[in-house]
Amino acid sequence: MPTYYGLYAAFIPTIIGALFGSSRQLSTGPVAMTSLLTAASVAQLAPHGSEAFYAYVILLALLSGLFQIAFGMLRMGILLNFLSHPVLMGFINAAAIIIGLSQLPAMLGIPSQQSTHFLVDIGQVVMHLDKAHGESLTFGITALAMLIALKRFAPRLPGVLITVTLLTVVSYLSGYVSLGGRVVGEIPQGLPSFSLPPLDWHASIALMPAAFVIALISFMEAMSSSKVIAVKTRTPWDENQELIAQGLAKVAAAFSQSMPVSGSFSRSALNLSANAKTGLSSLFSALFVVLTLLFFTPLLYHLPKPVLSAIIMMAVGGLIDFSVIMKSWRASRDDGLTAVVTFVSTLAFAPDIQNGILNGIILSLALLLYKMTKPRIAQLGMHPGGTLRDLRRLGLPQLHPNLSALRFDGSLQFVNVTYFEDALLRLESENSALKYILIQGSGINDIDASGVDVLFNLASRFRGAGITLGFSGLKSHVMEIMKATGLTKEIGEANLFGSDRDALDRIIPRLGNPGQSDDLSVYQSANQSNDAPYRSAVGLGRQAEVVPVYTTTKA
């Protein structure tokens, strides 16, 4: 886009974002990520530099803004939860690399073709390094060196402003334009005109998916900045109000002949470092943009394009952080896989980078659904600490030859009831001596109609096979559902226990001593108190060793 579109985007949209937003230090305006998404989306409909290209960019600002306003008014800020952190990090790393690589042609002074395969285009540029424009490369490398040095040795100075000013002067004095260098050129003086965005029904339909993705991604940027600001300043913010504000800013950009905008992390960070307290900081920045548009645009004529490319490379370089992907992988293989797939697919699909993030969202939801269908089920034994723990993982003894206890870590719902049922039926088939199955239910947060139906069937089937089904530690909400559906009667209230200890104290005397049928005389004579089964299990009855709960002591 011509340079002045960026100035327009830093004027009216910045004011609207400050007036209607909930985050005081969030700065709204043109940002790299939203710009890249816009370019990738519109390039499929019109060639770069054409009037149609500019018209579709403005139309995309309107559509994405309307999406955000609708999300905010419908209180749908929760939709952002579908964009997981690994997906976002994989996308941001890939997008930052794409943005940086997209600046190579301007930095080298080599014209590039723009096809449907971004990496192929960049490969062509790299293969023709021998055709690089020496003066352009010199300006680009010098700009990078100055930016890096100023950031490291004088971080409080406005490095970008100093670099642009000095190199623009050098460009003018050296006759960079006459040497074949590309500069910003003439920028129209004056404020943007306000007009109705160009409306095209067919283009609008084609841009709808891109508008949705831009609305989602650009607000994720704004949300990330708002969260950081809220933590550091201890001030509240409203995600739905911010959605509306960002949407209004995009619509304002469309009516002022500009491109989609978003909350800027770098400019917001600058507000924080300058101790800005209110949105007036954004209003003052918009004021200086107005002064530039009215009086100072001729001074930007000789600004070299390679210098702008260097500034963009520096800006996106801070977004690249592969350690975040590694942390996701260490936390969960599913999260790591999602981040890697998002990263790779975003690079592969470029310039259609919205396909990369859509792939990431679909994969993360698919993995989540898969995990919901197969929650963790652990067979339990008595831990020396006095709690029921994973028997196989910790190598614990079995509670009793006729008793098995399981823990189900998940809500018992239609997506996983078959998995739960199969686990219990498999337990029955593998243990012919089984007489009691205890479900440790503290991990069951909810139960739906499918779960109730399966429990009815299991209780009836096990009863016919001489096996009793019981539960311990169920949450009150789950108990209420079981009572309302008659499941407590089917299972029997005597088989519903408030705690694991209560369950063991009452179940094991029913089962008796192994190998002695139902004669409990030996068991009862050896364990005079009600705590004996539990005490022997946790090692309180004997100090020498932890023994299975069914072991008794003979005089």
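Up top is the structure.
Residues numbered from 1 in each chain as written. Predicted model: local features only at pLDDT ≥ 70, side-chain atom pairs only at ≥ 80, totals over all residues. Heavy atoms only, no water.

Undergrad: Explanation requested: unusual backbone geometry in the structure shown.
TA: Keep in mind that most residues, glycine aside, have a negative phi and that most peptide bonds are trans. One non-glycine residue, R75, adopts positive backbone phi at about 55°. If you trace the backbone, R75 turns up in the loop between α4 (51-73) and α5 (85-102). (Helix = DSSP H or I, 4+ residues; strand = E, 2+ residues; numbered from the N terminus.)

Undergrad: So what exactly am I meant to see when it comes to the pairing of strand β7 (residues 468-472) here?
TA: Burial analysis of β7 places four of its five residues in the buried class, which makes it a mostly covered element. Where strand β6 (residues 436-440) meets β7, five bridges bridge the pair, whose relative direction is parallel. Looking at β7, one finds that Y436 is bridged to T468. Read as a crossover between parallel neighbours, the route from β6 over helix α20 (residues 449-464) to β7 is right-handed. Sheet topology note: the β7/strand β8 (residues 496-497) ladder contains two bridges and is parallel. Each bridged residue has a counterpart across the sheet, and for S472 the counterpart in β8 is F497. (Buried < 20%, exposed > 50% of the residue type's maximum accessible area, 1.4 Å probe, protein only. Pairing = 2+ DSSP bridges. Right-handed = clockwise from strand over helix to strand, strands pointing away.)

Undergrad: Mind showing me how you'd approach a nonpolar patch on the surface here?
TA: A grouping of F82, L365, L368, L369 and M372 is seen on the molecular surface, where their side chains present a nonpolar patch of about 440 Å² in accessible area. Of note, F82 is situated in the loop between α4 and α5. A relative accessible area of 44% means that F82 is categorised as partly exposed. (Patch = residues over 30% accessible without salt bridge, like charges linked within 9 Å, V, L, I, M, F, W, Y side chains within 5 Å. Areas by Shrake-Rupley, 256 points an atom, 1.4 Å probe, with all protein chains shown as cover. Salt bridge = Lys/Arg side-chain N within 4 Å of Asp/Glu carboxyl O.)

Undergrad: Would you mind showing me how to read helix α23 (residues 500-511) here?
TA: Side chains three or four residues apart in an α-helix point the same way, a direct result of the helix having 3.6 residues per turn. Taking 1.5 Å per residue as the helical rise, α23 with its 12 residues ought to reach 16 Å, and the 16 Å between its terminal C-alpha atoms agrees with that figure. A positive phi of about 80° marks G512, the residue just after α23. (Expected span 1.5 Å × (residues − 1).)

Undergrad: What is the right way to read the layout of surface pockets from this model?
TA: It is the rolling of a water-molecule-sized probe over the atoms that shows where space remains empty. Taken as a whole, the second largest pocket spans an internal volume of roughly 200 Å³. I377, A378, Q379, D390, R392, L406, Y419, A423, R426, L427 and E430 are the residues that line the second largest pocket. The element best represented in the lining of the second largest pocket is helix α19 (residues 417-430), accounting for five residues. (1 Å grid on protein atoms, 1.4 Å probe; cavity = no way out; pocket = protein on both sides within 12 Å on 5 of 7 lines; lining within 4 Å. Points joined across faces, edges and corners; volume = space filled by probe spheres on them.)

Undergrad: What exactly am I supposed to notice about the packing of helix α15 (residues 322-331) against helix α16 (residues 333-349) here?
TA: Each pair of packed helices can be described by the angle between their axes along with the distance between the axes. Interaxial distance between α15 and α16 falls to 6 Å at its minimum, and their mutual angle equals 145°. Touching F322, I325, S328 and W329 of α15 are R333, D335, G336, L337, A339, V340 and F343, all from α16. (Axes fitted to C-alpha atoms, helices over the stretch in contact; angles between N-to-C directions. Contact = heavy atoms within 4.5 Å.)

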